[in-house]
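Close look at the chain arrangement
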Amino acid sequence: MEQKKNITLVVSDIDNTIADKFGTWGNSLDVAMDKLSKLYGRERSDIEQDLLAHVPESMKHISGPYIGKDLRSDVACTPSLKPTSPEQEKALEKIFHEWDIDKSKAELYEGSAATIRKIKATGAKFVLYTDSRESVCIPRLAKMGITADMLDGLYVLPDLKDGEVIHKPVKGPAQELKDALGDKLVVLPPKSNKPNPKNMQKILDDMGITDPSTTVMVGDNIRSDGTAAITLGMNYAWQKGGTVIDEPTKRCYNVFCQDPNYKLTTEEHLSQMNETNRPTEVLESFMDLNKFYRFTSPERLKQVENTKSKAIDSQLILAKKAISR
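Everything in this summary refers to the structure shown in the same document. The model shown is predicted, which means the values in this text are computed figures rather than measured ones.

Looking now at the pattern of salt bridges. Under the defined criterion, the tally for this structure stands at 22 salt bridges. Of the charged contacts in the structure, one is a salt bridge between Asp30 and Arg251, with a shortest N-O distance of 3.0 Å. Within this pair, whereas Asp30 is found in helix H1 (residues 22–40), its partner Arg251 is found in helix H10 (residues 247–256), the two being separated by 221 residues in sequence. When its relative accessible area of 40% is taken as the criterion, Arg251 is described as partly exposed. Taking the shortest distance from any N to any O, the salt bridge between Glu48 and Arg44 comes out at 2.7 Å. Here Glu48 and its partner Arg44 are both found in helix H2 (residues 44–53), 4 residues apart, which amounts to about one turn of the helix. One exposure class covers both Glu48 and Arg44, and it is buried.

Scanning the model with the defined rule gives 1 cavity of 30 Å³ or more in all. In this structure, the largest cavity occupies an estimated 30 Å³ of space. As for the largest cavity, its lining consists of Ile14, Asp15, Thr130, Ser132, Cys137, Arg140 and Leu141. Taken together, the elements giving at least two residues each to the lining of the largest cavity come down to strand S3 (125–133) and helix H6 (134–144). When residues in the lining of the largest cavity are grouped by element, the largest group, 3 residues, is from H6.

Rules used in this analysis
- Residue positions are given per chain, counted from 1 along the sequence in the order it is written.
- Predicted model: local features are reported for residues with pLDDT of at least 70 only, side-chain atom pairs are reported and counted for 80 or more only, and whole-chain, interface and lining totals are derived from all residues.
- Derived side-chain values reflect all non-hydrogen atoms in the structure, with water molecules and hydrogen atoms excluded from consideration.
- Note on definitions: salt bridges are taken to be side-chain nitrogens of Lys or Arg within 4 Å of carboxyl oxygens of Asp or Glu.
- Counting from the N terminus, the helices are DSSP H or I runs at least four residues long and the strands are E runs at least two residues long.
- Accessibility here uses a 1.4 Å probe with only protein chains present; expressed as a share of the type maximum, an area under 20% marks a residue as buried, one over 50% as exposed, and anything in between as partly exposed.
- Note on definitions: the grid is 1 Å and covers protein atoms alone; a cavity is a set of points where a 1.4 Å probe fits but cannot get out; a pocket is an open set with protein on both sides within 12 Å along at least five of seven lines; lining residues have an atom within 4 Å of a point.
- Grid points are joined across faces, edges and corners, and a volume is the space filled by probe spheres set on the points.

Here it is, written out as structure tokens:
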């Protein structure tokens, strides 16, 4: 059996790595589309195309799906879906309310929390690194039950308005998490999306890492998450489980995602794989990190390496003595 690699730092993506996002988006939107079809007495495909035809030009630069991030706004931009009676308006609001509840779910994959706590208990460091904006990421982590003591760092992109960095307010548990993180929360430069070796190097520097081979980046996106890690000599664990997409999500994705560079399924991610981002390990779930890595503190790893070095030196001395006899 192959020996586990010693790891002192785990850098992990969030969405579809430690928690589902695509499935939550797809399933909530799939249900809502069926409800809209029934409410308006129109074919679902007709409503879908109508929604797409009225996507604002300002939204067409975004990566990912054009519909389903804010369904109320999507419908408001589509003239044919304007309610024609108080009863229809009330029914429409109910659809929005139910969609919002379903879409807002944020739950860690099974075993993610236990794996993070195991990493931390060994003295190894754990960092989250995402392209999500600060105001989106922190409330989502709070809903997942992520606490400041589970993290050594949280690296996010800034919120922007008219090209300028702004700090949108968060409330309740999200504000509590933000306060508890303190300097652990790092807002990266605007538009410095993955893959970005400079951002990754900053994380290594901030964590005091001098040997990238003792670190691992974990993520579902082979190009975005793997490229910078491999470039810097880190391990890259592909969270393949985050690319396994169910039928409702595929259905919505195939209709509403117009960006050819936005990848979702396992096959699409594999199509981007080459020598610059090839995973060193493949995970079926985040829990599988335990199968490939032995987590340890830098100090403990140094002690182990010194002990091994002394043992090798002793063996060499004994070998030389045996030869000279």
